[in-house]
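Here is how the chains run, residue by residue.
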Amino acid sequence: MKQIAVIGSGTMGNGIAHVFALKGYKVSLIDVSTIALEKAIQTISNNLDRQVTKQQISDQEKAKTLHNILTFTQLPEGVKQADLVIEAATEKVEIKLNIFRELDQYCKPEAILASNTSSISITKIASVTKRPGQVIGMHFMNPVPVMKLVEVIRGYATTDETAATVMELAVKLDKVATEVQDYPGFVANRILMPMINEAIYTLYEGVAGVQEIDTVMKLGMAHPMGPLQLADFIGLDVCLSILQVLYEGFGNPKYAPCPLLVNMVQAGFTGAKVGEGFYQWEKGSKDLKVSKRFL
């Protein structure tokens, strides 16, 4: 594995590109938007600067990392030499299926195709390719340069060789790779999202306020971040999408999204990325305030 391609230059995509390039891999970062790619490179540069400041890397390592990343707006050109492609596009089934159809067409036959999906079936994604044995889930955690876990998801047809290669690769990135099977939500979100959903129900039913709920979970359960703050950080639209996958996949009412979450997403209050969810998020401010809607 020498050449890596990453599809999508958002928060997860640029983080994945960052960690591979830092370890010396040549990375093609692909997005339809030139502006998004420029923003991604600036984000990577800023995050590398933080690592330099903390003396985790040198200025020379930062320069080499940025040199290892090339950007592309066309899929065929960006993936044709890739040994591994990691899709980190929007968490929408049809978007991912279309991307994998194209990847199967443009990638070399021996290339492994991975998805950073947090909940969508790897088996379903693999079914639109002619290489289902070489399709796998590689679910990084946010923020990618900091979080150690990579959830490696085996589809129904994923081969032992593909799984072993990806597990070894994650270790080379200084990550902890954990292999799981392909069922809705995998492990991380199958456990996390019902907790977040229950926290939202607790707020919805008037049991306690935003800050009170998060305080109980932080101080009582030693969580570094309360579930409502975490939901804002992940994105309420992403949380809703994952819960819908769980609900549809299992047909169990315990996964039904809270009506409050549905309303907030429909109204556009999706958390940190738009400036408001359960909290108000002001750029550059560390003073987190509860949204006025919940006071």
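Higher on the page you've got the structure.
Thresholds applied
Residues numbered from 1 in each chain as written. Predicted model: local features only at pLDDT ≥ 70, side-chain atom pairs only at ≥ 80, totals over all residues. Heavy atoms only, no water. Salt bridge = Lys/Arg side-chain N within 4 Å of Asp/Glu carboxyl O. Helix = DSSP H or I, 4+ residues; strand = E, 2+ residues; numbered from the N terminus. Buried < 20%, exposed > 50% of the residue type's maximum accessible area, 1.4 Å probe, protein only. Expected span 1.5 Å × (residues − 1). Arc of directions from axis to C-beta. Contact = heavy atoms within 4.5 Å. Phe/Tyr/Trp six-rings, centres within 6.5 Å; stacked < 30°, edge-to-face > 60°.

Draft legend 1. How the structure looks around the pattern of salt bridges. Across all of its chains, the model carries ten salt bridges by this definition. For aspartate 49, the salt bridge identified is with lysine 62, shortest N-O distance 2.7 Å. Pair noted here: aspartate 49 is in helix α2 (residues 34-53) and lysine 62 is in helix α3 (residues 59-67), with a separation of 13 residues, a long-range link. What makes lysine 62 buried here is its relative accessible area of 17%. Across the pair arginine 293 and glutamate 276 runs a salt bridge whose closest N-O atoms are separated by 2.6 Å. Taken together, the residues arginine 293 in the segment after β10 (289-290) and glutamate 276 in the loop between α12 (259-267) and β9 (279-280) connect sequence positions 17 residues apart. Here the salt bridges share partners, and the residues they tie into one network are Glu87, Glu91 and Lys96.

Draft legend 2. Structural context of unusual backbone geometry. Of the consecutive residues asparagine 142 and proline 143, the connecting peptide bond is found in the cis state with omega at 0°. With a phi angle near 65°, aspartate 174 is a residue other than glycine that sits in the positive phi range. Structurally, aspartate 174 is set in the loop between α7 (160-172) and β8 (176-181). We note that alanine 222 has phi near 60°; this positive angle belongs to a residue other than glycine. For alanine 222, the position within the fold is in the loop between α9 (210-221) and α10 (227-234). Its relative accessible area of 64% is what places alanine 222 among the exposed residues.

Draft legend 3. Up close: helix α5 (residues 93-106). Taking 1.5 Å of rise per residue, 14 residues should cover 20 Å, and α5 covers 20 Å from first to last C-alpha, within 8% of that figure. Within the sequence span of α5, burial applies to Lys96, Leu97, Ile99, Phe100, Leu103 and Asp104. Here the buried residues of α5 occupy an arc of 160° about the axis, which is enough to place them on one side. The elements touched by buried residues of α5 are β1 (3-7), α4 (75-79), β4 (84-87), β5 (112-115), α6 (122-126) and β6 (135-140).

Draft legend 4. Representation of the packing of aromatic side chains within the structure. All told, the structure shown has four aromatic pairs when counted by the stated rule. Ring plane angle 70° and centroid distance 6.2 Å describe the contact between tyrosine 201 and tyrosine 204, whose orientation is recorded as edge-to-face. One end of the pair is tyrosine 201 and the other is tyrosine 204, both in helix α8 (residues 188-204) and three residues apart, which spans about a single turn. Taking 5.6 Å as the distance between ring centres and 35° as the angle between the ring planes, the aromatic pair formed by phenylalanine 278 and phenylalanine 294 counts as tilted. With phenylalanine 278 in the loop between α12 and β9 and phenylalanine 294 in the segment after β10, this residue pair connects regions lying 16 residues apart in the sequence.

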